[in-house]
Amino acid sequence: MALIICNPVGGDSTAKQFVEAHVLPLLKANDVPIARIVETEHAGHAGTAAFEFVDSTVSGPLDIIVASGDGTIHDIVTTIALAPSYKNRSPATPAQVNLVLVPCGTANALYSSLFLPKPEDDPVQYKLQGIHAFIKQAKRVPLTLAITDIIAPPRSGGSAPVREKTTVSVVVTSIALHASILHDSEVLRTEIPSIERFKVAARQNITRWYSGCAKLFPSSSTGVVEIWNPFDKEFVPHAESEEDNPHVDIDGPFAYFLSTVNVDRLEPAFQIAPLVTAEPRTGALLDIVVVRPYRDASLSGLEAEEERQVFAEKSGEVLRAAYQSGNHINLRYDPTGKVVSEGEGELVVEYFRCGGWEWIPDTEDEKAHLLCNDGLINTIPKGGKAKTMAAAPSGESGFIVYV
C-alpha cells in the first residue's frame, strides 16, 4: 500500500491535476494499491501525514509517492527522521521509507539529479520516470542526510549553548548568497512561479558579502578535510587538515557557501556541485562550494563599495559557469584579476569534501544569519551558530528513492 502526498500549490500549482491525469491511471493499470491520497493544506502537513502513515504501518514496505518539490520532501524526511518513535522502532516494524518522486515543484533538484533531464524528453513521461521505477521495483538509491543543529547562545544565567532547532536536509544546506536568494525569492513566487525568480533574487543580492567564520570537519571515512585539485583531477587532503588537528578554519567574508548531499545540481541545468556525480564517494560526506572575494588579489586598494561592485561581476561569472556543466570549479584568476578557465592562477571556487561544517555569523550581519535547508529558510539567533553533519544511510533504516 502506497501513500500519495500531493502539494497542490507547489511549483506552478499543477501537481493535483498531474496526479489525477497521469499518476493514478498508471498505478491503477499496474494494480498498485493506494492507502490514501493527501493534499497538503499548510506547512508541515506533508510531514505529519507521512509520519502517521509510517507510524501506523506494522508490516510490508513503506512506500510514499511525493508529488511536489524539494521543500515537501524535506518536510517529510525531517518529520520522520527526528520522531523518537521512528528512531526506536521495534525490529518487526519496517524502518526503511521508500520515496517515489514526482517532480511538481519549482526546481526539483533531487529529481533532476537522479533522473538527468535530456532535451528530447517528453515532459509528461520525464515526470513519470520515478513512478515507472517504482512499478518495476527498479534500482533504489539510499539518501545521505545532512543534519543541522541551530544553536542559540547561552540563556541568561546559563553557561551552555542551547540547541534551538534540528532539521534534516537531503538536497542543500547553505548560507550567504544562496540563502539570500531563496529568502528573497519567496516574495516573487506569485509573480514569477518559475525558476526565473531565483535569477531575479540573485541580481538583487549579487553585491552583498557575508561576514562570519566557518569550520570544516573531517569525514569518518578519510579522517581529513579534502579539497579538489583541478590540476590532478582528484580530491586531496587540505593543507591545514592534519592527523592531530583535522578540522579546517576558513574566514570570511564570503560571497557563496553551499553544501550538498545526494545532488549535483539545484535546477536541471544548474550543476553547482558537479563532483557529487563525477567523483562519487560512499559514506557520510558533504560537497561544499565556497567563494571568498579576498582570494582575488586585484581587489587590493579598492574602496569597500567598489570592491563589491567589481566582484559582483565575477560572482555572476561563477553562477553562469555553473550552468555550463559545472565549469565554475575550473575558474581561476589571471595576473590582472580577470576570471579565466585555464592557467595556474588562484582558484575562484574552493570545492571541499568533508564530514560537516559549522557557521558562526557576525552578530552585526543580518543576512549572514539566514540558513537555507532544502529551500526552506531558518534564522540563526544572534550570537549563535549552525552545525551541519552528514549521516550515511544504514542497511536497516533510512530513506530510499526508486530510480
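- Going by the annotation in an unreviewed UniProt entry, the name recorded for the chain is ATP-NAD kinase-like domain-containing protein, with Thelephora terrestris given as the source organism.

Side note on the domain arrangement of the chain
Here's step 1: Domain boundaries assigned for the chain yield domain 1 (2-138) and domain 2 (145-391).
Here's step 2: Taking only C-alpha atoms, the centre of domain 1 and the centre of domain 2 are 29 Å apart.
Here's step 3: In this complex, domain 1 contributes 17 residues to the contact, which on the side of domain 2 involves 23 residues.
Here's step 4: Carbon and sulfur atoms supply 68% of the area that domain 1 and domain 2 bury against each other, a total of about 1600 Å² over both sides.
Here's step 5: By the criterion of area lost to domain 2, the three top residues of domain 1 are His74, Thr106 and Ser113, representing 33% of everything that side buries.
Here's step 6: Across the domain 1-domain 2 interface, the total number found is 0 salt bridges.
Here's step 7: Across the contact surface, domain 1 and domain 2 share 6 residue pairs in polar contact (both at pLDDT 80 or more).

What to know about the environment of valine 263
Here's step 1: Among the secondary structure elements, valine 263 is positioned in the loop between strand S13 (256-260) and helix H10 (275-278).
Here's step 2: For valine 263, the contacting residues outside a window of four places in its chain are Ala109, Leu110, Ser113, Val170, Val171, Ala273 and Val276.

Topic: the nonpolar core
Here's step 1: Grouped together as the largest cluster of nonpolar side chains are 101 residues, with contacts concentrated most on Ile64, Leu99, Leu216 and Phe257.
Here's step 2: Those residues within four positions of leucine 216 in sequence are excluded, and the remaining contacts are Val225, His247, Val248, Ile250, Phe257, Ile288, Phe352, Cys354, Gly356 and Trp357.
Here's step 3: Counting 20 residues, the second largest nonpolar core, distinct from the first, contains Ala2, Val19, Leu26 and Ile131.

Describing the packing of helix H2 (residues 45-56) against helix H3 (residues 70-82)
Here's step 1: Interaxial distance between H2 and H3 falls to 8 Å at its minimum, and their mutual angle equals 45 degrees. As far as their axial angle goes, H3 and H2 are oblique. With respect to the hand of their crossing, H2 and H3 are arranged in right-handed fashion. Residue-level contacts link His45, Ala46, Gly47, Thr48, Ala50, Phe51 and Val54 of H2 to Thr72, Asp75, Ile76, Thr79 and Ile80 of H3.
Here's step 2: Grouping the constituent residues of the contact of H2 with H3 by class yields 6 nonpolar, 5 polar and 1 charged.

Rules used throughout
Residues numbered from 1 in each chain as written. Predicted model: local features only at pLDDT ≥ 70, side-chain atom pairs only at ≥ 80, totals over all residues. Heavy atoms only, no water. Domains from an automatic or database assignment. Contact = heavy atoms within 4.5 Å. Buried area = accessible area lost by both parts, 1.4 Å probe. Salt bridge = Lys/Arg side-chain N within 4 Å of Asp/Glu carboxyl O. Polar contact = N/O pair within 3.5 Å; in protein donor to acceptor, adjacent residues only side chain to side chain. Helix = DSSP H or I, 4+ residues; strand = E, 2+ residues; numbered from the N terminus. Core = buried A, V, L, I, M, F, W, Y, C linked by side-chain atoms within 4.5 Å. Buried < 20%, exposed > 50% of the residue type's maximum accessible area, 1.4 Å probe, protein only. Axes fitted to C-alpha atoms, helices over the stretch in contact; angles between N-to-C directions. Parallel < 35°, antiparallel > 145°, perpendicular 65-115°, else oblique. Left-handed = near helix turned anticlockwise from the far one by under 90°. Nonpolar A, V, L, I, M, F, W, Y, C, P; charged D, E, K, R; others polar.

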